[in-house]
Amino acid sequence: MGDMSFLTMFIWAFVFIAYLMVLFSIIGDLFRDHKMSGWAKAAWIFFLIIGFWITALIYLIVRGGGMAARQQAAMQEAQAQADAYIKQVAGESSHADEIAKAQALKDSGALTAAEFTALKKKILSSN
């Protein structure tokens, strides 16, 4: 009989953890959806608290198709922001490299001081 209660407890723990994963997924999707009003979001949250199992199933049936699309859009936006940041940081270091190369050309006599100043202004204005 002890084994049966452990097995039952294990199954209920699994079901509870699975429900929490679905719940957090639904709540994340609600807050990711910019088209839904705040009242509609509040209503979904309210019903998720009151009638958790049935509301979660209804949400997955009604809005489940768009969950993946909203998740993908959020991931693409985050990737685009990361790419923009990397380009910005890399761009700043490449500007410094270009100015250093121009300085080396000036020091070697390949560029005049006026040419170096013009090139430096061009590099700095290309942000």
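For the structure itself, look to the data block above.
Residues numbered from 1 in each chain as written. Predicted model: local features only at pLDDT ≥ 70, side-chain atom pairs only at ≥ 80, totals over all residues. Heavy atoms only, no water.

## As for the side chain of Asp 33
Alright, step 1. Looking at where Asp 33 falls in the secondary structure, it is placed in the loop between helix H1 (2–32) and helix H2 (38–50).
Alright, step 2. For Asp 33, a relative accessible area of 6% corresponds to the buried category.
Alright, step 3. Side-chain polar atoms of Asp 33 contact the backbone nitrogen of Lys 35, separated by 3.1 Å.
Alright, step 4. Side-chain polar atoms of Asp 33 contact the side chain of Arg 63, separated by 2.4 Å. (Helix = DSSP H or I, 4+ residues; strand = E, 2+ residues; numbered from the N terminus. Buried < 20%, exposed > 50% of the residue type's maximum accessible area, 1.4 Å probe, protein only. Polar contact = N/O pair within 3.5 Å; in protein donor to acceptor, adjacent residues only side chain to side chain.)

## Details of the environment of Ile 17
Alright, step 1. Inspection of the secondary structure assignment puts Ile 17 in helix H1.
Alright, step 2. Separated by 109 residues in sequence, Ile 17 and Ser 126 have C-alpha atoms that sit 53 Å apart.

## Here we look at H2
Alright, step 1. In this model H2 runs 18 Å from its N-terminal to its C-terminal C-alpha over 13 residues, within 8% of the 18 Å that 1.5 Å per residue would give.
Alright, step 2. Within H2, burial applies to Lys 41, Trp 44 and Leu 48. Buried residues along H2 cover an arc of 60 degrees about the axis, so they all sit on one side. The exposed residues of H2 that point more than 90 degrees off its buried face are Gly 38, Trp 39, Ile 49 and Ile 50. (Expected span 1.5 Å × (residues − 1). Arc of directions from axis to C-beta.)

## Some words on the nonpolar core
Alright, step 1. With ten residues, the main nonpolar core is built from Tyr 19, Leu 23, Ile 26, Leu 30, Met 36, Trp 44, Leu 48, Ala 56, Tyr 59 and Met 67.
Alright, step 2. Looking at this core, the elements that each hand over two or more residues are H1, H2 and helix H3 (52–108).
Alright, step 3. Broken down by element, the residue count for this core peaks at four residues, all from H1.
Alright, step 4. Residues contacting Trp 44, with those up to four places away along its chain left out, are Leu 30, Met 36, Thr 55, Ile 58, Tyr 59 and Arg 63. (Core = buried A, V, L, I, M, F, W, Y, C linked by side-chain atoms within 4.5 Å. Contact = heavy atoms within 4.5 Å.)

None of this, on its own, says anything about what the molecule does.
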